[in-house]
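# Structure assessment
Spelled out, the chains give:
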Amino acid sequence: SLDLYGEKHASTAVCYAMFGYLHNLSGDYSRAVTFYEKALSISIAVSGERSIGTAAYYSHLGVSYSDTGSYDLAIEYCEKALNIALETQGEMDLNTANFYFHLGHVYRDNSEYERALSSYGKAVDIWRRLKGGNDLSTAFGYSCMALVYDDMKNYKLAVENHKKALDMGIVLVG
């Protein structure tokens, strides 16, 4: 992508983000942060601070910061992504739901369980409304809420949410 488009092109930002994603999956969170920061910088230069693409890079960077234990930065970046989505896309948008979901992940990592449940719950509500309530995103959201309830030692609600996720999964994938 660098040879084809140069450093300041949206496709180059996507490539850097994919490297960030792969490093995050492999557990090399500091390298993931480095690549996501490059993607974010390019996106701001190419698309502006308030674009939904830039918001996506903020969100992914926030999750990677969370994985490094830098929770204040993680929350800052995820909230920035969510605010951009709310301002540009509105509440009932799949990007907004995804950013609520990422923020829930960060809150859970930081043991802020009530805030995690609130963020996950908003994501699930948006997905249910926009996707009809029987999709893998919603199922995954219920599963993550179950994990938070498990962290809180509220096993009854953990089981209820795992059951919702399982029931959806059975319908969707058999």
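Reading the values: the criteria
Residues numbered from 1 in each chain as written. Predicted model: local features only at pLDDT ≥ 70, side-chain atom pairs only at ≥ 80, totals over all residues. Heavy atoms only, no water. Phe/Tyr/Trp six-rings, centres within 6.5 Å; stacked < 30°, edge-to-face > 60°. Helix = DSSP H or I, 4+ residues; strand = E, 2+ residues; numbered from the N terminus. Buried < 20%, exposed > 50% of the residue type's maximum accessible area, 1.4 Å probe, protein only. Axes fitted to C-alpha atoms, helices over the stretch in contact; angles between N-to-C directions. Parallel < 35°, antiparallel > 145°, perpendicular 65-115°, else oblique. Left-handed = near helix turned anticlockwise from the far one by under 90°. Contact = heavy atoms within 4.5 Å. Nonpolar A, V, L, I, M, F, W, Y, C, P; charged D, E, K, R; others polar.

### Here's the deal with the packing of aromatic side chains
- Under the defined criterion, the tally for this structure stands at seven aromatic pairs.
- Ring geometry for Phe101 versus Phe140: centroids 5.4 Å apart, planes at 40°, classification tilted. Placement of Phe101 in helix α6 (residues 94–109) and of Phe140 in helix α8 (residues 136–151) is noted, with a sequence separation of 39 residues between them.
- The buried category is assigned to Phe101, whose relative accessible area is 13%.
- Through successive ring pairs, a cluster of aromatic residues spans Phe101, Tyr120, Trp127 and Phe140.

### Concerning the packing of helix α2 (residues 10–25) against helix α4 (residues 52–68)
- Here α2 crosses α4 at 25°, and the two axes come no closer than 11 Å. Relative to α4, α2 is oriented roughly parallel. The two elements α2 and α4 cross, and the hand of that crossing is left-handed. Residue-level inspection shows Ala13, Val14, Ala17 and Asn24 of α2 in contact with α4, the latter providing Tyr57, Ser64 and Asp67.
- Tallied by class, residues from the contact of α2 with α4 come to four nonpolar, two polar and one charged.

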